[in-house]
Amino acid sequence: MQRKRVVIVGGGFAGYQAAKTLTDRLPRDEAEIVLVNPTDYFLYLPLLPEVAAGILDPRRVSVSLPGTLPKIRLALGEVTAVDLTRGHVTYTDPEDTEHRLDYDRLVLATGSVNKLLPIPGVAEHAHGFRGIPEALYLRDHITRQIELAAASTDSAERDARCTFVVVGAGYTGTEVAAQGPDFTEALAARHPELRGQRIRWLLLDVADRVLPELDDRLSRTADEVLRERDVEVLMKTSVAEADANGVRLTSGETVPTRSLVWCVGVRPDPLVDSIGLETAKGRLVVDARLGVPGQPDVFACGDAAAVPDLTRPGELTAMTAQHATRQGKLAGHNVAASLGHGRPRGYKHHDLGFVVDLGAGRAAANPLRVPLAGRAAKAVTRGYHLAAMPGNRIRTAADWALETVTSRQTVQLGLVRSGAVPLDTDSPEVPRLRATKSS
């Protein structure tokens, strides 16, 4: 009997779990599982702010795909086209060679990229936060701004270089803004020239509160921690215009800055639009079993899929890692069922709560709807992350332990420059090699 081939596009939360489930359920002599991904690692995205803040080594949050999924075949590259009629995908590898993969079952788990808004200057001067290259760039950029400020004798230039604007008060933006002040304080402490220099962190959002998608109590906890660290929390405010010298806010205020971090949300990978299937809010329409209507061999999950929320009739599931993880597992289960192993199931999941790491011994969490703050929340948050990571747990825990007894590594390596991580990119996990000369 000829082996069936299952092709999974994307190795994020959904794609990783789909691959793992399929390797557990399908005998190797019956099916070949191919995972197409631009990198050879799974990125544990929730800990990326700690990479940018110099707490975690980037290798801690990048878990080897072939190392933890030994039964899959990794096809390193980016999918550029899906031919539903002929049943194959086309992808380009890192050396720009084009390949074609035929499939018997296809799982689309392409994930998401930075959300763009038509604000003048943002695409040119802001940077997102969806991949390791962007986190490394931000860490180097912040370090560089503090060092350049220390070398400057112009007070206006110093003020601008010591001002950091984060747009978007969801999970990522809140965590970046919360981690930032301790990082810049550690950097500035090395430079006596900056003694007494004000270092500003601003967090903006058009919502009326921080973490608007979470419980009011978690929102208040995060807001209090931010303000304790002198982060300027500006709600119902966003950027109206940006240029190389700063930003003009919707309130009319002009803020001189060299640092604009864009965390306003995500949109489905642009590959979704190119396939030609029905979409809802930019995501592929699927049924409750994650199957694509009219395409019995195609499944979709995670941020790429408009999955009906059976716990809230008429709504779609949120684009979160929690949903992506569980949808990936179900997609793997239902693909296996379509090949004669088990019975298909519908997706139904109640949120188990959320955790937000606020740095320096602080966090906000509501495991099983029990609101926590302070050190208890911190313990739950880190415990949750260690349990959720598919690898690197001991090394991650070791980095956290070292953080409590040693100073941060505060050097800039200059490996990722500004032009290598444009905001408008289909692949935030891969730096643009033909980068322009920039800071």
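Structure: see above.
Okay, so let's go over this structure. (Residues numbered from 1 in each chain as written. Predicted model: local features only at pLDDT ≥ 70, side-chain atom pairs only at ≥ 80, totals over all residues. Heavy atoms only, no water.)

Quick look at the packing of aromatic side chains now. All told, the structure shown has five aromatic pairs when counted by the stated rule. Relative to Phe42, the ring of Phe13 lies with its centre 5.0 Å away and its plane at 85°, an arrangement referred to as edge-to-face. With a gap of 29 residues between them, Phe13 in helix H1 (residues 13-25) and Phe42 in strand S3 (residues 41-43) connect regions that are remote in the sequence. Residue class for Phe13 comes out buried when judged on its relative accessible area of 17%. In this structure Phe42 comes out as buried when scored by relative accessible area, which is 2%. Their ring planes at 45° and their centres at 5.1 Å tell us that Tyr16 and Phe42 sit as a pair that is tilted. On the criterion of sequence distance, the pair formed by Tyr16 in helix H1 and Phe42 in strand S3 is long-range, its members being 26 residues apart. A relative accessible area of 3% means that Tyr16 is categorised as buried. Taken together, the aromatic side chains of Phe13, Tyr16, Phe42 and Tyr44 make up a single cluster linked through ring pairs. (Phe/Tyr/Trp six-rings, centres within 6.5 Å; stacked < 30°, edge-to-face > 60°. Helix = DSSP H or I, 4+ residues; strand = E, 2+ residues; numbered from the N terminus. Buried < 20%, exposed > 50% of the residue type's maximum accessible area, 1.4 Å probe, protein only.)

This part covers the pattern of salt bridges. Any two side chains of opposite charge can pair, given that their charged atoms come close. Across all of its chains, the model carries 23 salt bridges by this definition. The partner of Arg200 in a salt bridge is Glu232, with the nearest N and O atoms 2.7 Å apart. Of this pair, Arg200 sits in strand S12 (residues 200-205) while Glu232 sits in strand S13 (residues 231-235), placing them 32 residues apart in sequence. Residue Arg362 pairs with Glu228 through a salt bridge whose shortest N-O separation is 3.0 Å. Here Glu228 lies in helix H8 (residues 216-228) and Arg362 lies in the loop between strand S24 (355-357) and strand S25 (363-365), a separation of 134 residues in the sequence. For Arg362, a relative accessible area of 27% puts it in the partly exposed group. (Salt bridge = Lys/Arg side-chain N within 4 Å of Asp/Glu carboxyl O.)

Our focus in this paragraph is the packing of H1 against helix H10 (residues 321-338). Between H1 and H10, whose axes approach to 7 Å, the crossing angle comes to 35°. You can see that H1 and H10 cross each other, and the crossing is right-handed. Across the interface between the two elements, Phe13, Ala14, Gln17, Ala18, Thr21, Leu22 and Arg25 of H1 pack against Ala321, Ala324, Thr325, Gly328, Lys329, Gly332, His333, Val335 and Ala336 of H10. (Axes fitted to C-alpha atoms, helices over the stretch in contact; angles between N-to-C directions. Left-handed = near helix turned anticlockwise from the far one by under 90°. Contact = heavy atoms within 4.5 Å.)

Moving on: unusual backbone geometry. Here the phi dihedral of Leu211 falls at roughly 50°; this positive angle occurs in a residue that is not glycine. Relative to the elements of secondary structure, Leu211 occurs in the loop between S12 and H8.

Membership of the largest hydrophobic core comes to 109 residues, with the highest contact counts inside it found for Val7, Ile8, Val61, Leu106, Val107 and Leu108. Among all residues touching Ile8, those that are not within four sequence positions of it are Gly15, Ala18, Ala19, Leu22, Ile33, Val34, Leu35, Val36 and Val107. Ranked by size, the runner-up nonpolar core spans 15 residues in total, among them Leu202, Val239, Val255 and Leu423. (Core = buried A, V, L, I, M, F, W, Y, C linked by side-chain atoms within 4.5 Å.)

On to the environment of Arg326, then. Counting through the fold element by element, Arg326 comes out in helix H10. Counting along the chain gives 21 residues from Arg326 to Tyr347, while the straight-line C-alpha distance between them is 8.4 Å. When near neighbours in sequence (up to four residues on either side) are disregarded, Arg326 contacts Tyr347, His349 and Leu352. Within the structure, Arg326 has its side chain in polar contact with the backbone oxygen of Gln322 (distance 3.3 Å). (Polar contact = N/O pair within 3.5 Å; in protein donor to acceptor, adjacent residues only side chain to side chain.)

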